[in-house]
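Residue strings, one per chain:
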Amino acid sequence: MNQHARPRQVWLDVLPAAIVYAIIVGTSIVNRPAELPWTAGFGAVLCGLLVFRRRWPIPVLVCTGLSSAVYLAFGASPRPLLLTALVALFTVATLSERRTAWTAGAITAAVLAGTSLLSASWPWLLPDVLGMLAWSGMATAAGDAVRSRRAYVAEIEERARRAEQSRDDEARRRVVEERLRIARELHDVLAHHIALINVQAGVAAHMLDSEPQQSRTALAHIRTASRSALEGLRTTVGLLRQDGESAAPTAPTAGLAQLDDLIDAFRSAGLVVETTVEGAAATLPDAVDLAAYRVIQESLTNVRKHAGPATATVRLGYLGTELRLSIVDDGCGTSEASAGAGHGIIGMRERVTALGGRLAAGPRSAGGFQVQACLPLSNGGRS
C-alpha cells in the first residue's frame with residue numbers, strides 16, 4: 001500500500017464509526033437523556049469495534065450483535081445501538097460470499113428479535129420485532145448489492161484489461177508479420193539482381209584485358225540488373241506507405257506476366273532455362289501471381305548461385321483449381337540453400353503456406369535440386 005492510500009484507508013475505517021457514535025449520542029440526548037452515560041460509554045466501545053470491521057468483519061459483527069442484545073435484555077432502548085450491529089452486518093455482506101452474508105443476516109435478525117421478544121413487557125411486541133427483522137434484511141441486502149456491484153465493476157475492468165492486452169498482442173503480432181513480409185520482399189527483389197550483378201562483374205573482371213567486348217556486354221548486364229533492382233526496391237518501399245500518399249507505388253506488382261523477362265535475364269547471365277506450360281493460362285489472383293513469380297525467381301537464383309553448370313526446367317501447370325510449379329535443375333552444387341535452410345527457401349515456404357498452398361524443396365536422387373509448389377486459386381486472397 002502506498003503512502004497516500006494508507007491515510008485514506010484509515011479515514012474509511014474511522015469516519016463511519018465516528019458518524020454512528022454521533023448518531024447514538026444525539027438520539028440518546030433527545031429521546032432518553034437519563035440513559036446518556038450508559039449509552040455513550042457502551043456506544044463508544046461498540047463504535048471502537050467498528051473501526052476494525054473490515055479487518056475482522058465476523059468477530060466485529062458477533063461482538064456488536066451480542067452487545068446490542070445484552071443491552072436490550074436489561075430493558076434499555078436498543079434503537080441507537082442497533083446501528084453498530086447493522087453497520088457490521090453491512091460490512092460482512094460486502095466482504096463475504098452471498099451465502100455467508102445472508103446466513104449472518106438471518107442469525108443477527110434472530111438474535112435481536114428473539115431478545116426483544118423475551119425481554120419485552122408485552123409478550124408480542126410485533127412492531128419492534130418486525131422492525132428489527134426489516135432493518136437486518138435491509139443491511140444484508142444493501143451489503144450484498146454493494147458486493148455484487150464491486151464484483152461487476154471488477155469484472156468489467158478485467159475484461160477491459162484483457163481486451164487491451166489482446167489488442168497489444170495483436171498489434172505486436174501484426175508488426176512481426178509485417179517485418180517478415182518486408183524482409184521476404186526485400187530478399188526476393190534484391191537477391192536475384194545482386195546474384196546476376198555478382199556473376200557479370202566476375203565475367204567483366206576476368207575478360208577485361210583479353211576480350212574487352214565481352215566485358216562491355218557484362219557491364220551492360222550489370223547496369224540493367226542494377227536498374228531493375230532499384231525499380232524493385234522502389235516499388236517495395238512504396239508498398240510500405242499509406243494509401244493516398246504522394247509516394248505510393250505506381251509500378252505494377254511483379255507477376256507471371258513478367259516471367260519471360262525474368263527468364264531472359266537469367267539466360268543472359270549464362271543459365272540455360274527451359275520452360276513448359278501445361279493447361280490454359282488463367283487470370284490469377286494478385287497474391288497467387290506474385291507468389292508464383294517469387295518462387296520461380298528465387299529458385300532460379302539459387303540454381304545460378306549454387307548449382308554450377310546446370311540446366312533449369314520451369315514447369316507451370318494450370319489445373320483449374322490450383323497452379324502447380326516445378327523448378328528442377330541437373331546441377332551438382334551443395335549449399336545451405338540446397339539443404340532447405342536458406343532464407344530464400346524459408347521465404348518461399350512462408351509465401352505459399354500463407355495462401356493455403358504447399359511447397360517442397362530438396363535434392364533429387366538423380367542429382368540436382370527441385371522445388372515444387374502448389375497454389376490454390378480459390379482462396380488466393382487469404383492472408
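Residues numbered from 1 in each chain as written. Predicted model: local features only at pLDDT ≥ 70, side-chain atom pairs only at ≥ 80, totals over all residues. Heavy atoms only, no water.

Looking up the chain in an unreviewed UniProt entry gives the name histidine kinase, with the organism given as Saccharopolyspora spinosa. Word for word, the UniProt comment on the chain under Catalytic activity (unreviewed entry) is "ATP + protein L-histidine = ADP + protein N-phospho-L-histidine." (UniProt positions renumbered as here; feature names shortened; annotations may be inferred.)

Once that is clear, we can look at the pairing of strand E4 (residues 358–363). Where E4 and strand E5 (residues 369–376) come together, six bridges link them in antiparallel fashion. Within E5, the residue paired with Ala361 across the bridge is Val371. In textbook terms, the turn of a hairpin is the stretch between consecutive antiparallel strands, and for E4 and E5 this stretch comprises five residues, one of which, Gly367, has a positive phi near 105°. (Pairing = 2+ DSSP bridges. Helix = DSSP H or I, 4+ residues; strand = E, 2+ residues; numbered from the N terminus.)

This brings us to the sheet that holds E4. Spatial ordering of the open sheet is given by E1-E2-E3-E5-E4, a layout of five strands whose pairing is mixed. Two strands close off the open sheet at either side, each with one partner strand: strand E1 (272–278) and E4. Adjacent strand axes in the sheet meet at a mean angle of 10°, parallel and antiparallel pairs treated alike. Where strand E2 (residues 311–318) lies against strand E3 (residues 322–329), seven bridges are found, and the strand directions are antiparallel. Bridge assignment links Leu316 to a residue of E3, and that residue is Leu325. Packing against the sheet, helix H8 (residues 259–268) makes contact with E1 and E2, and its axis sits at approximately 155° to E1. Strands E1, E2, E3, E4 and E5 of the sheet are contacted by helix H9 (residues 286–306), whose axis makes an angle of about 5° with E3. (Axes fitted to C-alpha atoms, helices over the stretch in contact; angles between N-to-C directions. Contact = heavy atoms within 4.5 Å.)

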